[in-house]
Amino acid sequence: MVSENYEFVIKRKTEHGVSRQDRFLVPKKKISTVLEGLVYISENLDGTLSFRHSCRMEICGSCSMEINGKPKMACSTIAGSLGTGTIKVSPLPHYEVIKDLVVDIEPFFDKYRAVKPYVIRNNEDKPSSELLQTPEQFKLYEQYSMCIKCGLCLAACPISGSDEDYLGPAALAAALRFNLDSRDGGSGIRLEITDTDEGIARCHYAGECSEVCPKDVDPSKAIQLLRRAAISHELKKVFRRGAKGGK
Amino acid sequence: MEIIKEDIIIMGGGMAGLRAAISAAERNPKVSVGLVSKLYPLRSHSVSAEGGTSAVLNPKDSYDLHSFDTIKGSDYLADQDAVEEFVRIVPEQIYTTDRWGCPWSRNPDGTISQRDFGGLSFPRATFAADKTGFHVMQTLFSRCQMHDRIHFYNEYFVTSAIIEQSSFNALTAINLKTGEFVVFQGKALIFAAGGAGRLYQFSTYASSVTGDGNAIAYRAGLTLKDMEFMQFHPTGLVPSGILITEAARAEGGYLRNSENKRFMEKYAPTKLEEAPRDIVSRAMMWEILAGRGISDEHGDTPHIHLDLTHIADKLEERLPMITEIAKKFNHIDPAEEPIPVRPATHYTMGGIEVHISTETQVPGIFGAGENVAISIHGANRLGSNSTNECLAFGNVSGIAAADWASAHEIPQLDRIKAMIEEKRIWEGILKNGSGESIARIREDLRTGMDLNVGVLRTENELARQIRNINSLKARYEKVTVEDKSRVFNLQLQEALELGFMLDLAEVITIGALMRRESRGAHYRNDFPARDDKRFLKHTIVNYTRDGPQFSYKDVVITKWQPAARVY
């Protein structure tokens, strides 16, 4: 007989650092998503469970966690589609656990901040019209502008797991997003930050980041494009030097 | 007790809060800004805004037209001087955010594109596909990274505001990560903490939108205005309530009942599906009440179909997010099947009373966005008039707060009040309690609000809900927080939020009972007509120990005399 319940197995940690695993039975007909399962547990079975959630429509990036061994958003993971009666939920790996499923996401945002993720332009007065940008120009960076800062990519990245100084997939994709924006003039400045040992050089193109990204941002491809741009920049420098030497 | 001092304190990291922070920092680089939010800013509900933001960018459009659409949409309860200021200052915000990288959707020639929206007489909804809120939020957050004088206090849950001698004294808060009690002091305060829609069960709102900003301001002595006007968006996805943008209808989508017939012609003969939200929501409820709702595998509660199959070619470029949502959450491909929808709470027209300058009645305390009623929305906000408000008046409030902070000092902390609040939380709510469950009280509150203070209201049901709220308040006295730990105590936060929600539910329901007319989003079956003689007035409410005290205030009318509202 098919069980009427999902068995949630949740890896937890108290504020004093004590780890344990708890099991909860959640009626299948009461929930659709894994997040709804966690809310059900907190409202009916154990009010001490801590986890982050907000929009429940996969746009705010709050409820990132590990579900059945894979970094996922709890709100958009349909419990029934996992294909298992037991649903294992753990905090996101590669982050420090604060309590239960809540991790310290601060390092993720520190890396983002480090790549100067904003349009860099010379100061200008109050604008009275837009800067022209064709739909084709938008398409160049569209994919990379869809990042919801959920941090799943960093949890999936094998390099980020062992090297905490590595800028990581999301920050590098954010750098490319601005480099490719026709309104931006900062790609040279960002190149100095990303073309480093702890930047694009560190990536092994394992592709795990792109696999787990809920918004198809494809950071792995972004890093390849950044590397290509860095190489062509270097070549240009060499040619320029060569041309000068010739004269 | 830790005391954190900044020149300006902003409560809320959504669109209005981020915009205010940038404007303050750019107005005066010496000023420090503390942005206090119970979430990380990008987790704010603003990221869920979808369809568009109205701005007069086209020479064929005009400020007067945008004003008139807004005022007619408000059922003449908007303050017309505020509306005229609003429409004038919005366009600059579009161009500014464009400079900062917002990917506004474009025409082939590279200029910014605009589309139609409910209740507009000119297609002036500026948009970033159907992720407008998301992209504007990313843009503002990104711009904040340029300013090292903007300090983020993420995951600090504000519990109260202390106002002393008619000036801002402090915010009290819990640092969720450590469980420490914290006091924020500044020369100026900006309320930008959003709406209160999670007082209801079926809602497009994020779970975090519990009306904290409104309730905290109200308890501290600030005036709330027009709180009974809660907007129901016609197309909340069944059963989750996730927003399906109005742009789906503006791009040509149809609403169909159980007989597979379009029905809007009966209710809005000219605008049809593109009538304002209050009108479409009522029409859907009337269809459902007449037995023409649909019940199927998506929900037992009768709903309506949103049919986009005939505009399948537009989905990928113009409506990608809702297409993805329908597929991910309901396994529906909108190109082939209709989407199940019904009205869901979506916007809180009421809020803290502020002047056009964004100042509250307490000098040095400002407010912007959904948290306030500057009164451009009156009884019904037009779709595409919220994110522009956050940008326009967020900017005004940031500049005003920076100027205020340049000329004032941080006051002496009212330590006694702060200590009383600290005790209320740790000695009171965390320790007391005798068995009442947060979740059960909250659920009873929400289902009661859905049932009794919904799209269609009557005296009996409203009176019943007031009795419900009184008994829920009595139960709340005994509410138990099972989690006794300090760090990330979600339950403690939820208990405090529930207290806010109960206060606001009372204000909303009594306001709705007292308004014996129908106007905008507030519809009374027993008083179906608008009554300008008695109720062309704002509802004003103040906190007293004995409960809310109500009064009324005239609406500001400049050029547009109230007229019949036909679409």
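## What about the overall build of chain B?
Now for step 1: Scanning chain B from N- to C-terminus turns up 15 helices and 24 strands.
Now for step 2: Against the globule reference of 24 Å for 567 residues, chain B gives a C-alpha radius of gyration of 22 Å, in line with a compact fold.
Now for step 3: Referenced to the eigenvectors of the C-alpha coordinate spread, the extents of chain B come out at roughly 65 × 55 × 50 Å.
Now for step 4: Across the 567 residues in chain B, those meeting the buried criterion constitute 63%.

## A short note on the overall build of chain A
Now for step 1: When you go through chain A residue by residue, the secondary structure sums to nine helices and seven strands.
Now for step 2: Burial status across chain A gives 47% buried among its 247 residues.
Now for step 3: Partitioning the intrachain contacts of chain A with sequence separation of at least 6 by distance along the chain shows that 65% fall at a separation of at least 24.

## So, the interface of chain B and chain A
Now for step 1: With 42 residues of chain B at the interface, the matching set in chain A holds 43 residues.
Now for step 2: Those elements that provide at least two residues to the side of chain B that touches chain A are helix 3 (80-99), helix 4 (132-144), helix 9 (320-330) and helix 14 (490-514) of chain B.
Now for step 3: In terms of residues, the side of chain B that touches chain A owes the most to one element, helix 3 of chain B, which gives five residues.
Now for step 4: Classifying every residue of the side of chain B that touches chain A by side-chain character gives 18 nonpolar, 13 polar and eleven charged.

## Examining the packing of helix 3 of chain B against helix 10 (residues 387-407) of chain B
Packed helix pairs are characterised by how far apart their axes lie and by the angle those axes make with each other.
Residue and element names in this part refer to chain B.
Now for step 1: As a packed pair, helix 3 and helix 10 sit with axes 9 Å apart at the nearest point and diverge in direction by 95°. The orientation of helix 3 with respect to helix 10, classified from their angle, is roughly perpendicular. Of the residues in helix 10, those in contact with Phe86, Ile89, Val90, Gln93 and Thr97 of helix 3 are Asn388, Glu389, Leu391, Ala392 and Asn395.
Now for step 2: A class-by-class count of the residues in the contact of helix 3 with helix 10 yields five nonpolar, four polar and one charged.

## Section: helix 1 (residues 34-45) of chain A
Now for step 1: Between its first and last C-alpha, helix 1 of chain A extends 15 Å over twelve residues, near the 16 Å set by a 1.5 Å rise per residue.
Now for step 2: All of the buried residues in helix 1 of chain A are Val34, Leu35, Gly37, Leu38, Val39, Ile41 and Ser42 of chain A.

## Structural notes on the sheet that holds strand 12 (residues 224-225) of chain B
All names here are of chain B.
Now for step 1: What the five strands build is an open sheet, ordered 20-18-12-23-24; its pairing is mixed. Looking at which strands have only one partner, the edges of the open sheet turn out to be strand 20 (372-373) and strand 24 (549-554).
Now for step 2: One ladder, built from six bridges, connects strand 23 (residues 537-542) with strand 24; its direction is antiparallel. Pairing of Ile540 across the sheet is with Ser551, part of strand 24.

## Describing the pairing of strand 2 (residues 8-11) of chain B
Residue and element names in this part refer to chain B.
Now for step 1: Alternating positions in strand 2 separate into two faces, Ile8 and Ile10 on one and Ile9 and Met11 on the other, with burial throughout.
Now for step 2: Sheet analysis places strand 2 next to strand 3 (residues 33-37), joined by four bridges and oriented parallel. Opposite Ile8, over in strand 3, you have Val33 as the bridge partner.
Now for step 3: For the handedness criterion, the β-α-β arrangement of strand 2, helix 1 (residues 15-27) and strand 3 is classed as right-handed.
Now for step 4: For strand 2 and strand 11 (residues 188-191), the ladder comprises four bridges, and the chain directions are parallel. Its bridge partner being in strand 11, Ile8 is matched across the sheet by Ala188.

## So, the sheet that holds strand 1 (residues 5-13) of chain A
All names here are of chain A.
Now for step 1: What the five strands build is an open sheet, ordered 2-1-5-3-4; its pairing is mixed. At either margin of the open sheet sits one strand with a lone partner, and together these are strand 2 (19-27) and strand 4 (70-73). The sheet shows a mean angle of 35° between the axes of neighbouring strands, direction not considered.
Now for step 2: For strand 3 (residues 64-67) and strand 5 (residues 86-90), the ladder comprises two bridges, and the chain directions are antiparallel. Bridging from a neighbouring strand, Glu66 pairs with Ser90 of strand 5.
Now for step 3: Packed onto the sheet, helix 1 meets strand 1, strand 2, strand 3 and strand 5 and runs at close to 100° relative to strand 2.

## Considering the pairing of strand 7 (residues 150-154) of chain B
Residue and element names in this part refer to chain B.
Now for step 1: With respect to burial, strand 7 is a largely interior element, four of its five residues being buried.
Now for step 2: For strand 3 and strand 7, the ladder comprises five bridges, and the chain directions are parallel. When the bridges of strand 7 are listed, Val36 appears paired with Tyr153.

## Focus: the environment of Asp75 of chain B
Residue and element names in this part refer to chain B.
Now for step 1: Here Asp75 lies in the loop between helix 2 (63-73) and helix 3.
Now for step 2: Judged by the 24 C-beta atoms lying within 10 Å of it, Asp75 is buried.
Now for step 3: As for Asp75 and His377, which are separated by 302 residues in sequence, their C-alpha atoms are 8.9 Å apart.
Now for step 4: Other than its neighbours up to four places away in sequence, Asp75 contacts Gly378, Ala379, Asn380, Arg519, Gly520, Arg530 and Arg565.

## A short note on the nonpolar core
Now for step 1: Counting residues in hydrophobic clusters, the biggest one holds 251 residues, and the most contacted among them are Ile8, Ile10, Ala21, Val36, Ile190 and Ala401 of chain B.
Now for step 2: Ranked by residue count, the leading element in this core is helix 14 of chain B, at 14 residues.
Now for step 3: Residue contributions to this core reach at least three from each of two domains, namely domain 1 (5-104) and domain 2 (106-246) of chain A.
Now for step 4: Setting aside residues up to four positions removed in sequence, Ile10 of chain B forms contacts with Gly17, Ala20, Ala21, Val33, Leu35, Val36, Ile190 and Ala192 of chain B.

## Quick word on the domain arrangement of chain A
All names here are of chain A.
Now for step 1: Here the domain parsing of chain A yields domain 1 (5-104) and domain 2 (106-246).
Now for step 2: Summarising the inter-unit geometry, the C-alpha centres of domain 1 and domain 2 are found 31 Å apart.
Now for step 3: On the side of domain 2, 14 residues touch domain 1, which itself brings 14 residues to the contact.
Now for step 4: A per-element tally of the side of domain 1 that touches domain 2 places strand 4 first, with three residues.
Now for step 5: Among the residues making up the side of domain 1 that touches domain 2, the classes are represented as seven nonpolar, four polar and three charged.

## Notes on helix 2 (residues 106-114) of chain A
All names here are of chain A.
Now for step 1: Listed in full, the buried residues belonging to helix 2 are Phe108, Phe109, Lys111 and Tyr112. For helix 2, the buried positions fall inside an angular range of 155° around the axis, keeping them on one side.
Now for step 2: For helix 2, the secondary structure elements touched by its buried residues are helix 4 (152-156) and helix 6 (169-179).
Now for step 3: A positive phi of about 55° marks Lys116, the residue just after helix 2.

## Digging into the environment of Arg113 of chain A
Now for step 1: Tracing the backbone through its elements, the reader meets Arg113 of chain A in helix 2.
Now for step 2: Spatially, the C-alpha atom of Arg113 of chain A lies 9.9 Å from that of Ala175 of chain A, the residues being 62 residues apart in sequence.

The rules we used
Residues numbered from 1 in each chain as written. Chains lettered and ligands numbered in written order. Predicted model: local features only at pLDDT ≥ 70, side-chain atom pairs only at ≥ 80, totals over all residues. Helix = DSSP H or I, 4+ residues; strand = E, 2+ residues; numbered from the N terminus. Rg over C-alpha atoms; globule rule 2.2 N^0.38 Å. Buried ≥ 20, exposed ≤ 12 C-beta atoms within 10 Å, placed from the backbone. Contact = placed C-beta atoms within 7 Å. Nonpolar A, V, L, I, M, F, W, Y, C, P; charged D, E, K, R; others polar. Axes fitted to C-alpha atoms, helices over the stretch in contact; angles between N-to-C directions. Parallel < 35°, antiparallel > 145°, perpendicular 65-115°, else oblique. Expected span 1.5 Å × (residues − 1). Pairing = 2+ DSSP bridges. Right-handed = clockwise from strand over helix to strand, strands pointing away. Core = buried A, V, L, I, M, F, W, Y, C linked by C-beta atoms within 7 Å. Domains from an automatic or database assignment. Arc of directions from axis to C-beta.

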